[in-house]
Amino acid sequence: MSRLRSQAFLLPVFSVLLGFAVGAVLIVAEGKSPVRALGAFWSGAFDGRDAFGRTLEKATPLVLTGSAVIVGLRAGLFNIGAQGQLISGALFAAYFGYRVGGLPGPLHAAAALAVGGLFGALPAALAGVLKATRGVHEVISTIMLNTVIVSITEYLAGTPWKAPRAAFPRTPEIQESARIPRVGGLPTGFLLAVLAALLVWFLIDRTTTGFRLVTVGSNRHAAQYAGISVGVVTVGAMALSGFLAGLGGAIESLGVVGHFESNSSGTLGFDGITIALLARVSPRAAIPAALLIGALRAADTALQFQAKVAPEVVDVMLAIILLLVAAPMLVRAVLRLKAERDGGELQLTSGWGS
Amino acid sequence: MDAPVPGRAGTPGPNGPQGTQFDRRSPALPSGLVRSALVVAALATAAYAAYAWDGLRTQAVLGFAIRFATPLVLGAMCGLIGERSGIINIGIEGQILASAFTGFLLASTVGIAAGVVAGVLTGMALGAFLALCAVTWRIDQIIAGTIITISAAGLTSFFYRQGRTIKGRMPTIEIPGLSEIPLVGRLLFTNPPITMATMLLVVALHVLLFRTRWGLRTRAVGEHPSAADTVGVNVTLLRYLNVTVAGGFAGLAGVFISLESSSTFERNISAGRGFLALALLITGRWRPFLVWGAALFFGLTSGLANQLQFDQVLDVPTQFVSMLPYAMTIVVLAVFAGRVRPPAAAGQPYTKE
Amino acid sequence: MSASVDRQGTPLLAARGLTKRFPGVVANADVDLELWPGEILALLGENGAGKSTLVKMLFGLYGADEGEIWIKGEHVHLRSPADAIARGMGMVHQHFQLVPVMSVAENVVLGAEPSVGPLLDLGAASRRVRELSDRYGLAVDPDAAVEDLAVGAQQRVEIVKALYRGADVLILDEPTAVLTPQETDELLGVMRGLAAQGTGIIFITHKLREVLAVADRIAVLRDGRVAGTVTPEGATESSLAELMVGRSVVLSVDKAPAAPGDVVLAVEGVSVRDERGATAVDGVDLVVRSGEIVGVAGVQGNGQRELVEAICGMRPATAGRVRIAGEDTTGSGPRHLGEIGLAHIPEDREKHGLVGSYSVADNLVLNRFFSPPFALRGVRQRDAVAAHAEELVGRFDIRTPSVSTPAASLSGGNKQKVVVAREIAAEPKVLVAAQPTRGVDVGSIEFIHSQLVAERDRGVGVLLVSAELDEILSLSDRIYVLYEGRTVASFDAATVTREQLGLAMAGAAATPGEPERGSGANEADSPI
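Small disclaimer: the values here were computed from a predicted structure and weren't measured.

A. Highlighting the interface of chain A and chain B. Facing the 44 residues of chain A at the interface are 42 residues of chain B. Of the residues forming the side of chain A that touches chain B, the biggest block, 11 residues, is contributed by helix α6 (residues 138-158) of chain A. Of the residues assigned to the side of chain A that touches chain B, the class counts are 27 nonpolar, 12 polar and five charged.

B. Seen up close, the domain arrangement of chain C. Residue and element names in this part refer to chain C. Looking at the assigned domains, one finds that chain C contains domain 1 (13-245) and domain 2 (263-358 + 424-505). Placing the centre of domain 1 and that of domain 2 at their C-alpha centroids yields a distance of 32 Å. On the domain 2 side, the residues contacting the nine residues of domain 1 number nine residues. Grouping the amino acids of the side of domain 1 that touches domain 2 by side-chain chemistry returns five nonpolar, three polar and one charged.

C. How the structure looks around helix α10 (residues 235-260) of chain B. Over its 26 residues, α10 of chain B extends 36 Å from the first C-alpha to the last, a length consistent with the 38 Å expected when each residue adds 1.5 Å. Of all the 26 residues making up α10 of chain B, 22 are buried; the element is thus mostly covered by neighbouring parts of the structure.

D. Spotlight on the environment of S263 of chain B. All names here are of chain B. Turning to its location among the elements, S263 is positioned in the loop between α10 and α11 (273-283). S263 sits 108 residues away from L155 along the chain, and the two C-alpha atoms are 20 Å apart. Not counting residues within four places of it along the chain, the set of residues in contact with S263 comprises I166 and R169.

E. The arrangement of the nonpolar core in detail. Membership of the largest hydrophobic core comes to 404 residues, with the highest contact counts inside it found for A286 of chain A, L280 and A295 of chain B together with F203, L464 and V481 of chain C. Ranked by residues supplied to this core, first place goes to helix α2 (residues 55-84) of chain B with 14 residues. Built from parts of two domains, this core gets at least three residues from each of domain 1 (13-245) and domain 2 (263-358 + 424-505) of chain C. Each residue touching A295 of chain B, except ones within four places of it in the same chain, is listed here: A69, L72, V73, A76 and L280 of chain B.

F. Structural view of the sheet that holds strand β12 (residues 225-230) of chain C. Residues and elements named next belong to chain C. Strand order in the open sheet formed by six strands is β6-β9-β10-β3-β11-β12, with mixed pairing between adjacent strands. Edge strands, defined here as strands with exactly one partner in the open sheet, are β6 (89-92) and β12. When the angles between neighbouring strand axes are averaged without regard to direction, this sheet yields 20°. Pairing of strand β11 (residues 217-222) with β12, which is carried by five bridges, proceeds in the antiparallel orientation. Across the sheet, residue V220 finds its bridge partner in β12, namely G228. In the packing of helix α6 (residues 181-196) onto the sheet, contacts are made with β3 (40-44), β9 (169-173) and β10 (200-205), and the angle to β10 comes to roughly 155°.

G. Focus on the sheet that holds strand β23 (residues 478-483) of chain C. All names here are of chain C. The sheet built from six strands is open, its strands ordered β18-β21-β22-β15-β23-β24 with mixed pairing. Two strands close off the open sheet at either side, each with one partner strand: β18 (342-345) and β24 (486-492). Within the sheet, the average angular offset between the axes of one strand and its neighbour, ignoring direction, is 20°. Two elements, β23 and β24, share six bridges in a ladder whose sense is antiparallel. Each bridged residue has a counterpart across the sheet, and for Y480 the counterpart in β24 is S490. Running at roughly 155° to strand β21 (residues 430-434), helix α9 (residues 304-311) makes contact with β15 (293-297), β21, β22 (461-466) and β23 of the sheet. Against the sheet, helix α14 (residues 412-425) engages β18 and β21, with an angle of about 175° to β18.

H. How the structure looks around unusual backbone geometry. Residue P373 of chain C is bonded to the preceding P372 of chain C through a cis peptide linkage, with omega at 0°. Structurally, the position occupied by P373 of chain C is in the loop between α12 (360-364) and β19 (375-376). Its identity as a non-glycine residue notwithstanding, W286 of chain B has a phi of 55°, on the positive side. Mapped onto the secondary structure, W286 of chain B falls in the loop between α11 and α12 (288-310).

I. Quick look at the packing of helix α4 (residues 82-99) of chain A against α6 of chain A. All names here are of chain A. At a minimum axis separation of 8 Å, α4 and α6 run at an interaxial angle of 25°. Classified by the angle between their axes, α4 and α6 sit roughly parallel to one another. Crossing angle aside, the handedness with which α4 passes α6 is left-handed. Taken together, the residues of α6 that come into contact with α4 (itself represented by Q83, G84, I87, S88 and L91) are L145, N146, I149, V150, T153, L156 and A157. In the contact of α4 with α6, the residues fall into seven nonpolar, five polar and no charged.

J. Up close: the confidence of the model for chain C. Residues and elements named next belong to chain C. On average, chain C scores 87 in pLDDT, and the residues at 70 or more come to 94%. Note that pLDDT drops below 50 for residues 510-528; the model gives that stretch 32 contacts with residues more than four away or on any other chain. Overall fold confidence for the complex sits at a pTM of 0.83, while the interface term, ipTM, reaches 0.85.

K. Looking closely at the pairing of strand β16 (residues 317-324) of chain C. All names here are of chain C. As judged from the six bridges shared by strand β13 (residues 263-273) and β16, these two strands associate in the antiparallel manner. By the bridge assignment, S271 is partnered in β16 with A319. Here β16 pairs with strand β17 (residues 327-328) via two bridges, running antiparallel. Looking at β17, one finds that I324 is bridged to E327. Once β16 ends, the chain turns through two residues before running back antiparallel as β17, passing A325 with a positive phi of about 50°.

Cut-off values and rules
Residues numbered from 1 in each chain as written. Chains lettered and ligands numbered in written order. Predicted model: local features only at pLDDT ≥ 70, side-chain atom pairs only at ≥ 80, totals over all residues. Contact = placed C-beta atoms within 7 Å. Helix = DSSP H or I, 4+ residues; strand = E, 2+ residues; numbered from the N terminus. Nonpolar A, V, L, I, M, F, W, Y, C, P; charged D, E, K, R; others polar. Domains from an automatic or database assignment. Expected span 1.5 Å × (residues − 1). Buried ≥ 20, exposed ≤ 12 C-beta atoms within 10 Å, placed from the backbone. Core = buried A, V, L, I, M, F, W, Y, C linked by C-beta atoms within 7 Å. Pairing = 2+ DSSP bridges. Axes fitted to C-alpha atoms, helices over the stretch in contact; angles between N-to-C directions. Parallel < 35°, antiparallel > 145°, perpendicular 65-115°, else oblique. Left-handed = near helix turned anticlockwise from the far one by under 90°. pLDDT = per-residue confidence, 0-100.

If you want it as structure tokens, here you go:
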């Protein structure tokens with residue numbers, strides 16, 4: 001029993017190490033020094049209050065999008081559109097933050113956060129309703145909605161809600177009362193994110209609502225037989241998932257950037273999914289996973305300027321880590337460990353029709 | 001073992017609700033052809049009527065539709081072959097992106113033809129990787145597809161260098177005689193190679209899927225792999241083969257994007273078209289001609305919207321125009337999707353008992 | 001019994017010392033077997049005895065760990081079904097291996113398709129199917145989609161499939177499990193006909209009656225080994241059952257006469273549609289009183305599943321009313337029904353009855369996870385759940401390493417006991433048991449039957465829906481017969497005969513002139 005448990009802990013760790021190894025290989029292939037890259041990583045992500053603060057800042061939306069994807073997956077739903085929901089939350093929180101006046105400090109910020117969560121929940125809930133009533137697979141609907149969201153937010157930030165005299169589409173700065181402050185130089189938003197992740201863990205693991213959610217995810221038919229409304233759980237899980245992602249966006253706008261700017265990156269930012277899978281769909285494990293990836297992303301500039309390494313190497317490393325985490329048999333093969341009866345592969349989704 | 005679950009007349013087998021008449025069995029020769037001929041005739045009439053009314057614009061919009069549809073159709077064909085074999089591929093986006101990249105790279109260093117070959121091979125290599133993940137390693141197929149997409153995005157951005165240009169250009173092929181026909185001549189018979197090839201590939205795929213042994217076995221493997229296994233069809237081999245070759249289609253879509261419809265590569269140039277292709281696949285009920293129709297419809301909508309905006313008939317922000325296909329996909333899926341019937345075994349790894 | 005068994009020359013099939021191991025269990029050990037041309041060999045054994053595993057080795061689906069196989073005198077190593085098929089083996093599987101969306105012809109020729117150049121020649125396929133169908137008396141329509149066919153017809157397709165490939169040996173794995181008595185007789189006739197033409201047949205079943213009716217020899221498997229090989233002349237149902245289980249078996253249940261009280265379940269004119277929108281249940285009336293077991297007999301596919309789902313809140317009724325203890329529960333969901341005293345043992349325990357990845361303990365509270373003591377104000381109380389599970393595991397003799405073991409690792413019989421335990425522990429007023437002993441070993445069957453009788457003696461009204469006639473006859477106090485969605489007959493269990501039930505199940509008790517149900521029924525189908 002303990003061998004299995006230690007394997008459950010060690011395998012993700014080894015996956016990360018192997019991912020780093022592959023990253024090192026790529027860096028060498030580019031003619032650069034992996035040792036310098038590692039040094040740049042350290043100084044960019046951990047060395048000093050600024051760096052560590054950056055890491056926490058980057059980790060914050062990751063904790064939340066990771067939790068968002070986890071909530072969906074536990075209910076048998078693949079919310080691949082968390083990034084879009086995050087953007088939606090970011091915009092509307094920023095709007096509330098600059099437009100709505102007259103509220104005292106903490107209340108304004110809290111309300112703005114709630115608005116952000118709400119506008120992340122709405123598109124996700126829509127996808128949930130489409131799935132529950134029309135059988136539309138959420139992978140497709142959330143991805144389509146992502147593009148729609150990006151278009152709408154670009155428009156809003158570029159025309160009606162545009163900051164006057166801004167050179168690119170962005171909203172005006174939020175009011176002081178809506179800001180989420182740093183405490184001791186470290187972003188409070190991160191604590192909020194951690195709190196949210198722990199609440200999600202408690203919900204899923206300890207409550208009857210969580211039991212319903214996981215039952216629907218494990219066996220829809222048995223859930224129906226047990227009197228659980230699959231449709232309600234589907235919509236609810238998607239809404240919660242979207243809320244968490246929207247909250248992540250809201251914290252970005254209110255605690256980090258101070259406004260919303262449309263930087264349509266094109267990619268859909270699959271980081272939330274990577275986190276969810278690295279954490280093997282456990283909300284508590286999403287926190288260290290998010291810290292890792294947050295650190296890697298925080299070291300972006302350092303990698304680029306100190307070690308002259310293209311920061312996209314991180315994307316490749318993440319893909320490798322994801323591959324290894326999703327197929328532990330590969331790690332075992334590399335490390336020559338014995339397998340349990342079933343390989344321990346994550347089987348999350350069951351096709352279009354389920 | 002439990003006793004068998006029966007499928008009696010009037011009650012469904014284990015595969016759930018019935019789709020439409022379309023998918024029950026191979027289309028019988030006379031009525032299917034007649035139906036299709038009628039549809040084609042109706043469309044042709046509408047097109048020519050519009051052409052008579054405003055030749056220039058009709059040609060522009062229809063031409064746009066065909067160009068818009070081409071990479072989507074190719075991506076959807078990739079997904080179709082895979083899903084008909086039982087493997088869900090959401091990594092099409094990654095395959096397209098990676099192929100656009102390698103195609104562009106080879107085209108800028110060696111030549112266009114080399115670029116096309118490189119792109120197709122890239123698509124196939126990623127297809128083989130998907131097969132490895134899904135069939136041998138039995139990784140959840142949605143995760144496998146995600147991995148492919150993330151890796152492709154990461155690797156292409158990592159190795160991207162600005163300022164390259166391709167050597168040479170894609171020629172425009174004109175079919176003698178046929179290309180003289182008004183409207184249709186320009187639209188269908190005067191095209192660069194990949195656009196031409198796409199139309200032929202759709203026809204070929206339809207024939208292959210519904211009229212050959214390979215097609216029958218493929219469909220069996222996607223609906224009920226153990227039935228195929230027990231009559232001696234090699235499920236694993238067929239899935240590997242199909243998904244790899246299907247990757248070539250996605251590869252073609254990639255090189256279309258970087259070499260034919262434009263002559264450039266940028267980060268994330270695929271812009272979600274791989275996912276749009278998946279939606280078209282479902283809308284088209286995993287049938288080549290219907291998928292083609294769906295893609296053309298989307299191209300048409302997008303083209304019309306663009307044209308109307310250009311003529312300043314419609315006064316909407318550009319963002320709304322570009323998001324139109326995506327919003328429409330959702331609407332169409334909401335209306336149609338609930339009633340479609342995917343290949344029954346798609347998404348599930350096959351275990352020999 | 002065929003007079004045509006030819007024991008001169010070489011046997012069609014011979015096996016020595018066949019052994020197959022899976023992790024943790026030996027499925028077959030040291031099995032010897034012989035099959036002669038024209039012979040019908042029955043393989044008898046209870047669930048889990050190793051019959052399916054054995055024939056899968058003979059058909060190349062599994063590789064034998066030890067032992068050897070000869071086909072028509074030639075020593076063979078079968079690596080796949082293709083090998084076996086090439087040597088004249090054919091198999092009709094317990095779960096049909098047919099592609100539902102494809103036509104009969106396409107299914108028959110799959111893997112050995114006739115072609116014209118690169119293209120399929122489905123016309124030739126159709127013709128060939130008709131030829132075989134005529135030659136062997138197996139009526140099938142080559143162009144029909146398999147999913148539209150009745151079960152008996154689908155089975156015929158499977159047989160034609162084997163014959164198309166030139167099978168000299170035909171293995172039938174539990175073929176009669178889903179057939180009416182009439183269809184079963186037809187199948188036995190087909191088997192005799194094939195044997196008369198020289199085909200050797202291996203026939204797996206757990207139904208003692210059929211074995212005695214048609215087999216030339218009977219091999220009984222127990223725990224993976226051959227417990228004995230007998231001829232029907234020298235055997236009775238009891239002697240066979242004893243060989244199967246290794247001890248004397250009670251074939252019928254001892255029960256005191258029923259003392260029924262008030263009506264606890266009333267179904268009034270209920271109609272239900274299936275997933276395809278066709279009428280599956282057409283105006284059914286039935287009544288269950290407290291303290292009695294009411295059996296619903298009928299071959300699967302006649303609306304039982306939909307009827308049970310409608311009563312238990314999993315499917316809407318399109319007409320009629322359901323009343324439980326006087327309350328109109330038409331349209332209520334399973335949760336409310338559970339609260340007013342309905343318990344449901346579902347037909348498909350894997351799909352509905354259990355969450356495989358959950359522990360035994362969680363499965364045991366699946367019906368009450370939200371109530372105290374298992375949850376307080378929305379927070380689950382794990383200790384209470386575990387304690388409850390320990391108690392039930394003891395009371396119902398559920399074999400599991402612990403209550404936190406995932407339910408998926410239990411055997412079929414123990415899984416079913418989990419479901420039964422859970423439902424009975426809720427102390428219901430009405431217990432609906434659908435196919436409660438399907439795929440369950442004999443020991444567990446005995447146990448479950450005794451639990452059902454105990455519930456009835458406690459005053460519970462039990463509705464027993466089963467395709468196993470013996471089960472219905474031995475447990476029920478009253479019996480309804482469901483045919484094409486209607487209750488076509490009702491009997492007093494003490495006085496009814498098997499023949500009466502069989503006729504009713506085949507629709508012979510239906511009023512002449514009823515319109516035929518189901519879409520596109522073929523004339524080629526059996527009389528149903």
